[in-house]
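Next come the chains, spelled out residue by residue.
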Amino acid sequence: MGEARAQFGQGVVAGLPVVLGYFPIAFSFGVAASRAGFSAAEATAFSLIVYSGAAQFLAVALLAAGTPLLVAGFTLVAMGVRHLAYGPALMKHAGQGRTRRAWIWAFGLTDEVFGVALGDLARGRRFSEAFMAGLGLAAYLAWVSGSWAGALAGGGALAAYPAVEAGLGFMLPALFLALLLSILSRRQMPVILIAAGVTLGVTLAVSATAGILAGMLAGALTGALRRATA
Amino acid sequence: MRPEIVMLALAVGACTWAFRALPFRFDLTGLTPEGWLSRLLAATGPAAIAALCAVSVLPLVQGAAPPTPLGAGLGAVIGLWVWRRSVVLATLGGALAYGAVFAL
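The model shown is predicted, which means the values in this text are computed figures rather than measured ones.

Draft legend 1. Seen up close, the overall build of chain B. Helix and strand counts for chain B stand at 4 helices and 0 strands. In sequence order, the secondary structure elements of chain B are arranged as α-α-α-α. Here the C-alpha radius of gyration of chain B, 19 Å, is well above what a compact globule of 104 residues would show, namely 13 Å. Considering only C-alpha atoms, chain B reaches an extent of 55 × 40 × 25 Å along its principal axes. Within chain B, buried positions represent 53% of all 104 residues.

Shown next, in the form of structure tokens:
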């Protein structure tokens, strides 16, 4: 029990850089959600239940644009598919039978938590579920509290600070660009180029929602068909 | 709270949790790497992120954002990513650079 508690504490400490990064990003989500007509309770509930920054920012944008719920849901779920790759990567370090409580702590396995965990494991840390729980919980609390604070501050809170408002408004493109850079590889380049190209074309011709859906489908099909046609 | 917002959050949250947790329960490494399902799953995430990145940057380059802060913001995101390989640091640094140049 003492060992598990120590590992949990080490996980919390390892999560501090994520905590410092998550709070302001979550704050800007809360502000954006409030601006789009979400109540503070709705914005906080989204962070509590969904806990995925990219999906949450996109949900606000889609719902504010009047996208039908089914289309929004499909788009948001498709965004989350990338998380399927994280489990197998961690399993290589954990070994069989040492992830019995993964159904709990994997809820907090975000892009950054995965990155920190994998970095620590690569530097020689022994895999521990208590460490993963501490790391994930610290980041989760920062995300939820940041969202709540931003939603309470409200959409008009930053009107007197246009530079801060401008910076927070740039947070979403910055987040997606950083995520794109993080997955950039020679192998996925055709998928990325096709998805971006189709998205831009359909967005300019029809709408952003149609562009996102068409781009995602075109990119995914490119990935599935590439080897077969090569 | 609007019920449709809660329903959407529950549905997306359940799927996100499943994507994160199920690979620990069902070993997906057993999927043939060259199979079409593996390739489709591997491509869906990058395709989604590329589509969302394109849509979020398009209004900015179409004139919704002043060019100097935009250049500073994009440059900071790329530079910080190359330097530290951290999504959070690149995101925060990009927003900070955008806001700082905007204020000048």
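Draft legend 2. Seen up close, unusual backbone geometry. The phi angle at Tyr-51 of chain A is positive, at roughly 50°, despite the residue not being glycine. Summarising the element assignment, Tyr-51 of chain A is placed in the loop between α3 (40–49) and α4 (53–64). On the basis of neighbour count, Tyr-51 of chain A is assigned to the buried category, with 25 C-beta atoms found within 10 Å. In this structure, Arg-85 of chain B takes a positive phi of about 55° despite not being glycine. Mapped onto the secondary structure, Arg-85 of chain B falls in the loop between α3 (67–84) and α4 (87–103).

Draft legend 3. Structural view of α4 of chain A. Residue and element names in this part refer to chain A. A rise of 1.5 Å per residue sets the reference length of α4, with its 12 residues, at 16 Å; its end C-alpha atoms lie 17 Å apart and thus fit the reference within 8%. In terms of burial, α4 is a largely internal element, 11 of the 12 residues being buried. Buried residues of α4: Gly-53, Ala-54, Ala-55, Gln-56, Phe-57, Leu-58, Ala-59, Val-60, Ala-61, Leu-62 and Leu-63, and no others. Once α4 ends, the next one or two residues include Gly-66, with phi positive near 80°.

Each value, and the rule that gives it
- Residues numbered from 1 in each chain as written.
- Chains lettered and ligands numbered in written order.
- Predicted model: local features only at pLDDT ≥ 70, side-chain atom pairs only at ≥ 80, totals over all residues.
- Helix = DSSP H or I, 4+ residues; strand = E, 2+ residues; numbered from the N terminus.
- Rg over C-alpha atoms; globule rule 2.2 N^0.38 Å.
- Buried ≥ 20, exposed ≤ 12 C-beta atoms within 10 Å, placed from the backbone.
- Expected span 1.5 Å × (residues − 1).

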